[in-house]
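Structural description and commentary
Chain by chain, the residues run as shown.
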Amino acid sequence: MDIKEIYEKFDQIGCLTFATIDDGYPETRIAHLFAYDEEGLYFRTMTVKPFYRQITETGKMSICGMSASPNVVHAEATGLPIFEPGFTMKATGDVREISFEELLKKENKSQGFAMGIKDIRRYRDLRAFVMDRFRGEYYDYDFDLATRDHKIIRESFSFNDFPTKFRGMKINEKCIGCNQCKEQCDVKLFKAIEIDENGGYFINNNHCDVCGDCTLVCPVGAIDSYRE
Ligand code: SF4
Ligand code: SF4
C-alpha cells in the first residue's frame, strides 16, 4: 500500500486509537489524522496534554482503528457479535513535531493541510506532528462470506524503510503432506493453506488469521509461528 492508500483507509475509519508509553505503561486516546504527503501521516495535539509530552519524550507511537458498523448485533444461538464486512488498520513507528512554518508551506497541498492550519490558528496551543517512518497492517474481514469465499485478507506495509517483521505462520520441511491442517483451515473458512505444483503445502499469509488451529492438528510439528 502506498501512503495515499494508507491515509485513505485511516481516514475512512475517522476516529483512531493513538497509543503511547507513559512511565513504562501503554496509554491510549482517540484522535484522528488530518493530512498526508510524501513525508508521512499528520496529526495534531495541544502542548498541555500528556499525549504531547509522551510523543515528544519517546518519538514513538502506534495507531489503530476499525471500520465498525454502528450497530452491534449478537447472534441468538452463540451470543457472539456479528460483524458486517469491514476492515481494521494499524501502524507503529516514529513521530516528530513539525513547526508551524514548515506546515504553512504545505497549506495548498490538500484540504486536510488547509483545515489543519486553520484549526491551529484558532487553537494556538496546538502543535502538528508527522508519523514519518512506520510499519503496519491492513486487515479486511468478511466473517460471514457475504462478498467472497474466505474470511480474511491481510496486507502488511512499511513506510520510509521502517523494518518489518513477519508475524504469520509457515510450514517447515517436516511436513508429510497429510492434509489435516488444510482441512482444519478450510472448515474455519480461512482457506489459507495451499498446495504448490509439486504437492508441497504452504500458508498464504494474506488469508491466514493466525488462529493456531492448524498447529494443533499437525502430527509432526511442521507448522511454525513467528511471534517475535
Ligand atoms: S493459523 Fe489458522 S488461519 Fe492460519 S493457516 Fe493455520 S488454521 Fe489457517
Ligand atoms: S498437518 Fe502438518 S504434516 Fe500434515 S500437511 Fe499440514 S503441515 Fe504437513
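Each value, and the rule that gives it
Residues numbered from 1 in each chain as written. Chains lettered and ligands numbered in written order. Predicted model: local features only at pLDDT ≥ 70, side-chain atom pairs only at ≥ 80, totals over all residues. Heavy atoms only, no water. Near = heavy atom within 4 Å. 1 Å grid on protein atoms, 1.4 Å probe; cavity = no way out; pocket = protein on both sides within 12 Å on 5 of 7 lines; lining within 4 Å. Sits in = over half its atoms within 2 Å of the grid points. Nonpolar A, V, L, I, M, F, W, Y, C, P; charged D, E, K, R; others polar. Helix = DSSP H or I, 4+ residues; strand = E, 2+ residues; numbered from the N terminus. Polar contact = N/O pair within 3.5 Å; in protein donor to acceptor, adjacent residues only side chain to side chain. Contact = heavy atoms within 4.5 Å. Phe/Tyr/Trp six-rings, centres within 6.5 Å; stacked < 30°, edge-to-face > 60°. Buried < 20%, exposed > 50% of the residue type's maximum accessible area, 1.4 Å probe, protein only. Lys NZ or Arg CZ within 6 Å of the ring centre and 35° of its normal. Points joined across faces, edges and corners; volume = space filled by probe spheres on them.

1. Description of the site of ligand 2
Ligand 2 sits among 13 residues. The nearest are C175, C178, N179, C181 and C218. More than half of the atoms of ligand 2 fall within 2 Å of the grid points belonging to the second largest cavity. Its residues placed into classes, the shell around ligand 2 shows eleven nonpolar, two polar and no charged.

2. Let's talk about the site of ligand 1
Taken together, M169, C185, F190, I193, I203, C208, D209, V210, C211, G212 and C214 make up the full set of residues near ligand 1. Partitioned by chemical class, the residues of the shell around ligand 1 number nine nonpolar, one polar and one charged.

3. Some remarks on the side chain of D142
Position of D142 among the secondary structure elements: in the loop between β9 (126-141) and β10 (152-159). Reaching out from D142, the side chain makes a polar contact with the side chain of T147 at a distance of 2.5 Å. When residues no more than four places from it in sequence are discounted, the contact partners of D142 are P85, T147, R148, H150 and K151.

4. What to know about the packing of aromatic side chains
Within this structure, the stated rule accounts for 17 aromatic pairs. Aromatic pair F134 and F159: ring centres 5.0 Å apart, planes at 20°, arrangement stacked. Of this pair, F134 sits in strand β9 while F159 sits in strand β10, and the two are 25 residues apart along the sequence. Classification of F159 by relative accessible area gives buried; the value is 13%. Positioned over the ring face of F190 is K151, at 5.0 Å from the centre of the ring. The ring of Y226 has K170 sitting right over it, with the charged end atom 5.3 Å from the ring centre.

5. Considerations on empty space enclosed by the protein
Inspection of the entire model under this criterion finds two cavities of 30 Å³ or more. Counted as a void, the largest cavity has a volume near 110 Å³. What lines the largest cavity is a set of 15 residues, among which C185, F190, C208, C211 and C214 lie closest to the centre. For the second largest cavity, the calculated volume is near 90 Å³. Forming the boundary of the second largest cavity are 13 residues, of which C175, G177, C178, C181 and C218 lie nearest the centre. Tallied by class, the residues present in the lining of the second largest cavity amount to eleven nonpolar, two polar and no charged.

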